[in-house]
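Below, each chain spelled out in residue letters.
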Amino acid sequence: MLNRNQINYCLEEIDKMFPDAFCELRHNNPFELVIAVLMSAQCTDALVNKVTKNLFEKYKTPEDYLAVSLEELQEDIRSIGLYRNKAKNIRKLCELLLTEYGGEVPRERDELVKLPGVGRKTANVVVSVAFGEPALAVDTHVERVSKRLAICRWKDNVLEVERTLMRKIPKEKWSKTHHQLIFFGRYHCKAQSPQCEICPLLDLCREGKKRMKRKKGA
C-alpha cells in the first residue's frame, strides 16, 4: 500500500496530466444530470451524450417524462444498454420527485439515494457536480486506478474504496480528484491497454511493474 507522501505524489502527477478534468456528461441542470448519470450505468458517457442531445430537447421536466408512454420513452433511449429498466426507473424517479420533492432534485445524498435508479455513486456525482459539495464518487475507472496504484486493496468493495480515498485525500480535493482519477483511468490507465511504458507513476505502480515485466518476458 502506498503511504501518504506517495499518494500525494501520484495525485500531483495526475493533476499535471489532467488539470482541467470535468464531468463529461452533458447537462444543463441537476435534473438532467441525474437522468444522465442514471443512464450511464454500464454505458459510456459518449453514448449517453449522444442520446441525451435529443432527449433533453424533448423532455424538460419530470412531468414531460410522465406525459408519454413507457414504450415511447424506451424507444427514445433504445441505444442505451439496459434501456428498458432505465426507462422504468426514470419514470419512477420523476413520480417521486413530483410527489415528495416538489419536482426538484434534492441536494442531500441521503435523499438522492432514495430515488429509483440512483445509487451511492450517482448521488455523489450529483452532490459534487450539481451542488458543489465535496464528494468522491467511485466508478469503474476510480476503482481500477485506486487498486492498481495500491491506494486501496484489491479485495476492497466499492464502499471501502470510497472510504479509503476519503480518508487519504483532503476533503477540499475530493471532487477535483474524482474527475482526475476518471480521466486518468479513461484516457491513460485503461482497463485493457494501460500506457504503462510512458506513465509517470510506473516506479510506484505495482500493477504497471508486473505488466512491464510480462512484456519484457514475452
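Computed from a predicted model, the values in this text were never measured in an experiment. (Residues numbered from 1 in each chain as written. Predicted model: local features only at pLDDT ≥ 70, side-chain atom pairs only at ≥ 80, totals over all residues. Heavy atoms only, no water.)

1. Observations regarding helix H2 (residues 30–39)
Along H2, nine of the 10 residues are buried, which leaves the element largely enclosed by surrounding structure. Listed in full, the buried residues belonging to H2 are Phe31, Glu32, Leu33, Val34, Ile35, Ala36, Val37, Leu38 and Met39. Of the surrounding elements, those touching the buried residues of H2 are helix H3 (45–58), helix H4 (62–66), helix H6 (83–100) and helix H8 (120–130). Among the residues of H2, the N-terminal cap falls to Asn29, whose side-chain oxygen and the backbone nitrogen of Phe31 are separated by 3.2 Å. (Buried < 20%, exposed > 50% of the residue type's maximum accessible area, 1.4 Å probe, protein only. Helix = DSSP H or I, 4+ residues; strand = E, 2+ residues; numbered from the N terminus. Contact = heavy atoms within 4.5 Å. Polar contact = N/O pair within 3.5 Å; in protein donor to acceptor, adjacent residues only side chain to side chain.)

2. Notes on the environment of Gly185
On the secondary structure map, Gly185 appears in helix H11 (residues 174–187). When its relative accessible area of 1% is taken as the criterion, Gly185 is described as buried. It is 37 Å that separates the C-alpha atoms of Gly185 and Leu66, two residues lying 119 residues apart in sequence. Non-local contacts of Gly185, meaning those with residues more than four positions away in its chain, are made with His141, Arg144, Val145 and Lys190.

3. Here's the deal with the packing of aromatic side chains
Within the structure shown, the criterion is met by five aromatic pairs. Between Phe31 and Tyr65, the aromatic rings sit 5.8 Å apart at their centres with planes inclined by 75°, giving edge-to-face as the arrangement. With Phe31 in helix H2 and Tyr65 in helix H4, this residue pair connects regions lying 34 residues apart in the sequence. The pair Phe31 / Tyr65 is uniform in exposure class, with both members buried. Here Tyr59 and Tyr65 contribute two aromatic rings whose centre-to-centre distance is 4.4 Å and whose plane-to-plane angle is 10°, an arrangement assigned as stacked. Taken individually, Tyr59 and Tyr65 each receive the classification buried, so the pair is uniform in this respect. Site record: aromatic cluster; members linked through ring pairs are Phe18, Phe22, Phe183 and Tyr187. (Phe/Tyr/Trp six-rings, centres within 6.5 Å; stacked < 30°, edge-to-face > 60°.)

4. Section: the packing of H2 against H6
Closest axis-to-axis distance for the H2/H6 pair is 10 Å, and the angle between their directions is 150°. By the angle between their axes, H2 is roughly antiparallel relative to H6. Once H2 is placed against H6, the crossing between them reads as right-handed. Here Phe31, Val34, Ile35, Leu38 and Met39 of H2 lie close against H6, whose contacting residues are Lys86, Asn89, Ile90, Leu93, Cys94 and Leu97. For the contact of H2 with H6, a count of residues per class yields nine nonpolar, one polar and one charged. (Axes fitted to C-alpha atoms, helices over the stretch in contact; angles between N-to-C directions. Parallel < 35°, antiparallel > 145°, perpendicular 65-115°, else oblique. Left-handed = near helix turned anticlockwise from the far one by under 90°. Nonpolar A, V, L, I, M, F, W, Y, C, P; charged D, E, K, R; others polar.)

5. Re the pattern of salt bridges
Counting across every chain of the model gives 13 salt bridges. A salt bridge links Arg78 to Glu75; the shortest N-O distance between them is 3.6 Å. On the accessibility criterion, Glu75 (48% relative accessible area) is partly exposed. Here Glu143 and Lys147 are joined by a salt bridge, their closest N and O atoms 2.9 Å apart. Residue Glu143 and its partner Lys147 are both found in helix H9 (residues 140–148); the two are separated by four residues, about one turn of the helix. (Salt bridge = Lys/Arg side-chain N within 4 Å of Asp/Glu carboxyl O.)

6. Focus: the side chain of Asn49
Its place among the elements puts Asn49 in helix H3. For Asn49, a relative accessible area of 8% corresponds to the buried category. Leave out the neighbours within four places in its chain, and Asn49 touches Glu24, Leu25 and Arg26.

7. Side note on the nonpolar core
Ranked by size, the top nonpolar core spans 38 residues in total, and within it Ile35, Met39, Leu55, Tyr65, Ile77, Ile90 and Leu93 carry the most contacts. Residue assignment for this core shows that the elements contributing at least two residues are H2, H3, H6 and H8. Per element, the largest residue contribution to this core is eight residues, and it comes from H2. Ignoring anything within four residues of it in the chain, the contact list for Ile90 reads Ile35, Leu38, Met39, Tyr65, Leu73 and Ile77. Counting residues in each nonpolar core, the second largest holds 27 residues, with Ile14, Ala21, Cys152 and Cys205 among its members. (Core = buried A, V, L, I, M, F, W, Y, C linked by side-chain atoms within 4.5 Å.)

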